[in-house]
Amino acid sequence: MTPELQLAIETAERAGTLTLGFFNRKSLKVFSKRDATPVTEADRSAEELIRSAIASRFPLDGLLGEEFEEKPSANRRRWIIDPIDGTRPFIHGVPLYGVMIALEEEGSMRIGVINFPALGQLYYAEKGCGALMNGSAVSVSSISSIGEATVVFTEKEYLLDPPGDHPVDQLRLQAGLVRGWGDCYGHMLVASGRAEVAVDKIMSPWDCAAVIPVVTEAGGRCFDYRGDTVIDGQGLVSSNGELGSVLLDALRGRGADPC
């Protein structure tokens, strides 16, 4: 295990323990950000802990997090942090939230760590080394039929947007099972072979960064609605290898039209 991955795991565990101290607490302080989305004292405290741990060990590395200003990188390495992915579920006492830490090098995602402290599940991956959950290897499913696939989603827009012919949107009509198990939890269902596709139509870099290494190292595919594997694209789709190839072929067949 590299020093970077070890730090990410240890820090995600510490931050997860911190969030549990706020979880299901009736006195939890909730604030509204400028974009009207909620943030809690737990989000801010966890991100401060993560930033401090990384800065003390790798002071030249950049830091991008959801709750505070970006620290520029001095060496083309950047840590990307989401202290609580699934803040709304966290506020409502739903245990499917995750602490996410990722390392980007030269514009490519190298490390992803996702800790579900209320579930006792820790996923992590480093490029070229496979994906693990609590120390055991995980892999995507081998299902190749959309009719047998389980598709999970986060935003209600996935179901409520007007019907279109986008291949990912068509899954809601074609899949065998469609369920709203969202945020990073849904993507880890794909990485561990318990779902075939996870869809998020609205994403920020910190929502995507840690997911991509884990899903891809588990044998899956990650891409946005245009078919690009980026952290700042149009949403994020995770899939197993079989259906990912089908969806990407369909997207490429659409030409330049992303919608």
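Here goes a summary of the coordinates provided. What you see is a predicted model; the values in this text were computed from it and never measured.

1. Examining the pairing of strand S14 (residues 236-239)
- Of the two faces of S14, both are covered, the one formed by Leu236 and Ser238 as well as the one formed by Val237 and Ser239.
- Of the strand pairs in this sheet, strand S12 (residues 197-200) and S14 are connected by four bridges, and their pairing is antiparallel. Within S14, the position partnered with Val197 by the bridge is Ser239.

2. Some details on the side chain of Glu47
- Locating Glu47 in the fold gives a position in helix H2 (residues 41-57).
- If near-sequence neighbours (up to four positions away) are discounted, Glu47 is found in contact with Gly65, Glu66, Glu67, Phe68, Ile81 and Pro83.

3. Some thoughts on helix H1 (residues 3-20)
- Helix length check: H1, at 18 residues, gives a terminal C-alpha distance of 26 Å against a target of 26 Å (1.5 Å per residue), a fit within 8%.
- Where H1 is concerned, the buried positions are Glu4, Leu5, Leu7, Ala8, Ile9, Thr11, Ala12, Ala15, Gly16 and Thr19.
- Against the buried residues of H1 lie H2, strand S4 (77-85), helix H3 (87-91), strand S5 (98-105), strand S6 (108-116) and strand S7 (121-126).

4. Details of the packing of aromatic side chains
- The final tally for this structure, using the stated rule, is seven aromatic pairs.
- Ring geometry for Phe116 and Tyr123: centres 5.9 Å apart, planes at 85°, overall edge-to-face. Comparing Phe116 with Tyr123, the two get one shared label, buried.
- Among the aromatic residues, ring-to-ring pairing joins Phe23, Phe90 and Tyr97 into one connected group.
- Over the ring of Phe58 we find Arg77; its NZ or CZ atom is 5.1 Å from the centre of that ring.

5. Observations regarding helix H5 (residues 167-174)
- Of all the residues in H5, the buried ones are Pro167, Val168, Asp169, Leu171 and Arg172.
- Looking at the buried side of H5, the elements it contacts are strand S10 (150-153), helix H4 (157-160), strand S11 (177-179), S12, S14 and helix H9 (241-252).

6. Considering the environment of Asp249
- Along the chain, Asp249 falls in helix H9.
- Classification of Asp249 as exposed rests on a relative accessible area of 52%.
- Note: C-alpha distance between Asp249 and Asp224 (25 residues apart in sequence) is 13 Å.

7. Quick word on the environment of Met133
- Examined against the element boundaries, Met133 turns out to sit in strand S8 (residues 131-133).
- By relative accessible area, Met133 is classed as partly exposed at 22%.
- Considered as a pair, Met133 and Ser192 are 59 residues apart in the sequence and their alpha carbons are 8.2 Å apart.
- In this view, Met133 contacts Gln121, Leu122, Tyr123 and Val138; residues no more than four positions away in its chain are not counted.

Cut-off values and rules
- Counting from 1, residues in each chain are numbered in the order their sequence is written.
- Under the rules for a predicted model, residues below a pLDDT of 70 receive no local features and side-chain atom pairs below 80 are neither given nor counted, while totals for whole chains, interfaces and linings still include all residues.
- With hydrogens and water set aside, each side-chain value is computed from the structure's full complement of heavy atoms.
- Think of it in three bands: with a 1.4 Å probe and only protein chains considered, a residue is buried below 20% of the maximum accessible area for its type, exposed above 50%, and partly exposed in between.
- Secondary structure is summarised from DSSP: a helix means a run of H or I of at least four residues, a strand means a run of E of at least two, and numbering begins at the N terminus for each.
- Two strands make a pair as long as DSSP finds a minimum of two bridges between them.
- A contact between two residues is defined here by any heavy atoms of the two lying within 4.5 Å.
- Working rule for helices: expected span equals 1.5 Å times residues minus one.
- For Phe, Tyr and Trp, rings pair up if their centres lie within 6.5 Å, where Trp contributes its six-membered ring, and each pair is then called stacked (planes under 30 degrees apart), edge-to-face (over 60) or tilted (otherwise).
- Any Lys NZ or Arg CZ that is within 6 Å of a ring centre and within 35 degrees of that ring's normal is treated as a charge sitting over the ring.

Interpretation in functional terms is not warranted from these geometric data alone.
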